[in-house]
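Architecture and fold: a report
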Amino acid sequence: MPHVATADPLPLPTWPPTSPAIVDSIRQAAESGDWGKYAAQASLSLADRLASRFAVEHVRLCASGTAAVELALRAVQVRPDSEVILAGYDYPGNIRAIEAVGAKPVIVDTEPGRWVIDADLVEQAIGESTTAILASHLYGDLFDAKRLRELADQRGIALVEDACQVHGASLTGKPAGSWGHVGVLSFGASKLMTSGCGGALLSSNDRIAQRATLAAGRPSGIAPLSGLQAAALLPQLATLDDWNAQRRTAVARLKQLLVGSRIWQFAEAMPYESETTYFKAAWFLPVGVSRDSVIAAGLAAGIPLGTGFNGFLRRARRRYRTVGDLSQSETCNDRSVVMDHRVLLADLDVIDTIAERLLAIERDLESKADA
Ligand SMILES: *Cc1c(COP(=O)(O)O)cnc(C)c1O
């Protein structure tokens, strides 16, 4: 066993956050009776404030990020037999959403050394029946939203921007989620703003927003967010920017402390002006290092490490058109190690301890390899 196995527990923040502001907001909605309405004031306020924070004209709240992705595809008129381009590594529900609306996924590789879709390959993949690109910002890595939006506009197709992991991030000052013809947020349990379950659609296009409303309501919502959930989210939107700043500081500190590590190498910096946030801090393990051993050692040291999503690559490759050799998507699938974002809200001395423990895991693996 690695010697870190007996490490003292780390004082990590809990998630969901236990801030009094959230409890107060839920209590207020309960006491005022607002909770018992379809169109609760908390929901109207949340939609308004999201529209302003994310710089979009329209916000439609819904029950999950998963529902939001499917509604987004309907809102941009993805039809049976049309093609939708997505990356070979993505949230697995995204390929299923494409299948759910009857369309055909076209799979392109992620960028070398990164978790996000390769814009060059997207350009090559666009064909006669392509109607949309579905692209996700993953693990703090932001795809080239500016380029993909321009490309989509030139080719007359839609960009669906999955910003479920990056509430509050921006590219060239413009919020992630506002670059797509339609953007998608999740308020699922693990996300940076949470109501346990929840999601939202963002758009500045009147017709897309109108189609989203039609797709989501009959007229009652088929996958609505409740007023109580909206009440839980309102105070989190107010603290989002401060908490994101803290997350960035924590990751910058880890990068600095882990310089020269062979295992804990962060992905390349993004090649465009951006300010990101981190749903997970993530690394690619070098070939030959066992991911299971690294994660087990991390967990034994009290560090919440995991593998990230289980991709859909093997099944999808057999069934659908692919562009590029998908080798980077395989790397994402097989060699990602991710660390839960609540770590990033810990005090900086805890971050220092985590860096020490990550380096101890590396030394331990190397001494075993030498033995
Ligand atoms: C979490 C997530 C989703 C789905 O959101 P839910 O609210 O859990 O349904 C979609 N896309 C990405 C990238 C996610 O991380």
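Every value quoted in this text rests on a predicted model; they were computed, and no experiment measured them.

Comments concerning the overall build of the chain
Of regular secondary structure, the chain possesses twelve helices and 14 strands. In terms of overall size, the chain behaves like a compact globule, its C-alpha atoms giving a radius of gyration of 21 Å where 371 residues would be expected to give roughly 21 Å. Its C-alpha atoms give the chain principal-axis dimensions of about 65 × 55 × 35 Å. Counting all 371 residues of the chain, 56% fall into the buried class. Pairs at least 24 residues apart make up 73% of the contacts formed inside the chain by residues separated by at least 6 positions. On the chain, roughly 15,900 Å² of surface is accessible, and the fraction owed to carbon and sulfur atoms is 50%. For the chain, the centre of its 37 positive side-chain charges and the centre of its 42 negative side-chain charges are spaced 6 Å apart.

A look at the sheet that holds strand S11 (residues 280-284)
Strand order in this open sheet of three strands is S11-S14-S12, and the pairing throughout is antiparallel. What marks the edges here is a single partner per strand, and that holds for S11 and strand S12 (305-306).

Re the UniProt feature "modified residue: N6-(pyridoxal phosphate)lysine" (unreviewed entry) in the chain
Under the UniProt annotation, the feature "modified residue: N6-(pyridoxal phosphate)lysine" (unreviewed entry) is placed at Lys191. Note that lysine 191 resides in the loop between strand S8 (182-186) and strand S9 (199-203). In this structure lysine 191 touches Trp15, Cys164, His167, Ser186, Phe279 and His341, once residues within four positions along its chain are discounted.

Things to note about the sheet that holds strand S7 (residues 174-175)
If you walk across this open sheet you meet the three strands as S7-S6-S10, and the pairing is antiparallel. Strand pairing shows two members of the sheet lacking a second neighbour, S7 and strand S10 (274-275), which therefore form its edges. The sheet contact formed by strand S6 (residues 170-171) and S7 spans two bridges and is antiparallel. Opposite serine 170, over in S7, you have proline 175 as the bridge partner.

Notes on the site of the ligand
The immediate surroundings of the ligand are formed by 13 residues, with Gly65, Thr66, Asp162, Ser186 and Lys191 found nearest. Backbone polar atom of glycine 65 to an oxygen atom of the ligand: 2.7 Å apart, as the coordinates give it. About the coverage of the ligand: the protein hides 89% of its 380 Å² of free accessible area. Here the shell around the ligand is built from residues that sort into four nonpolar, seven polar and two charged.

A short note on the side chain of serine 203
Mapped onto the elements of the fold, serine 203 is located in strand S9. At 2.7 Å, the side chain of serine 203 and the backbone oxygen of histidine 181 are in polar contact.

Details of the nonpolar core
Counting residues in hydrophobic clusters, the biggest one holds 51 residues, and the most contacted among them are Leu50, Ile117 and Leu148. Among the secondary structure elements, those contributing two or more residues to this core are helix H2 (41-53), strand S2 (83-87), strand S3 (104-108), helix H5 (119-125), strand S4 (130-136), helix H6 (145-155), S9 and helix H8 (227-257). Broken down by element, the residue count for this core peaks at six residues, all from H8. In this structure, this core is formed jointly by two domains, domain 1 (20-236) and domain 2 (239-370), each of which donates at least three residues. Beyond its immediate chain neighbours, meaning those up to four positions away, leucine 50 contacts Ala55, Val59, Leu61, Leu185, Phe187, Met193, Ala200 and Leu237.

Here we look at the environment of valine 166
Looking at where valine 166 falls in the secondary structure, it is placed in the loop between strand S5 (158-162) and S6. Residue classification places valine 166 among the buried residues on the basis of a relative accessible area of 0%. Linking valine 166 and proline 271, residues 105 residues apart in sequence, is a C-alpha distance of 18 Å.

Considering a nonpolar patch on the surface
A contiguous nonpolar surface patch, about 270 Å² in accessible area, is contributed by Ile26, Trp35 and Leu228. For isoleucine 26, the location among the structural elements is in helix H1 (residues 20-32). Since its relative accessible area comes to 31%, isoleucine 26 is described here as partly exposed.

The rules behind each value
- Residues numbered from 1 in each chain as written.
- Predicted model: local features only at pLDDT ≥ 70, side-chain atom pairs only at ≥ 80, totals over all residues.
- Heavy atoms only, no water.
- Helix = DSSP H or I, 4+ residues; strand = E, 2+ residues; numbered from the N terminus.
- Rg over C-alpha atoms; globule rule 2.2 N^0.38 Å.
- Buried < 20%, exposed > 50% of the residue type's maximum accessible area, 1.4 Å probe, protein only.
- Contact = heavy atoms within 4.5 Å.
- Areas by Shrake-Rupley, 256 points an atom, 1.4 Å probe, with all protein chains shown as cover.
- Lys, Arg positive; Asp, Glu negative; His and termini not counted.
- Charge placed at Lys NZ, Arg CZ, Asp CG, Glu CD.
- Pairing = 2+ DSSP bridges.
- UniProt positions renumbered as here; feature names shortened; annotations may be inferred.
- Near = heavy atom within 4 Å.
- Polar contact = N/O pair within 3.5 Å; in protein donor to acceptor, adjacent residues only side chain to side chain.
- Nonpolar A, V, L, I, M, F, W, Y, C, P; charged D, E, K, R; others polar.
- Core = buried A, V, L, I, M, F, W, Y, C linked by side-chain atoms within 4.5 Å.
- Domains from an automatic or database assignment.
- Patch = residues over 30% accessible without salt bridge, like charges linked within 9 Å, V, L, I, M, F, W, Y side chains within 5 Å.
- Salt bridge = Lys/Arg side-chain N within 4 Å of Asp/Glu carboxyl O.

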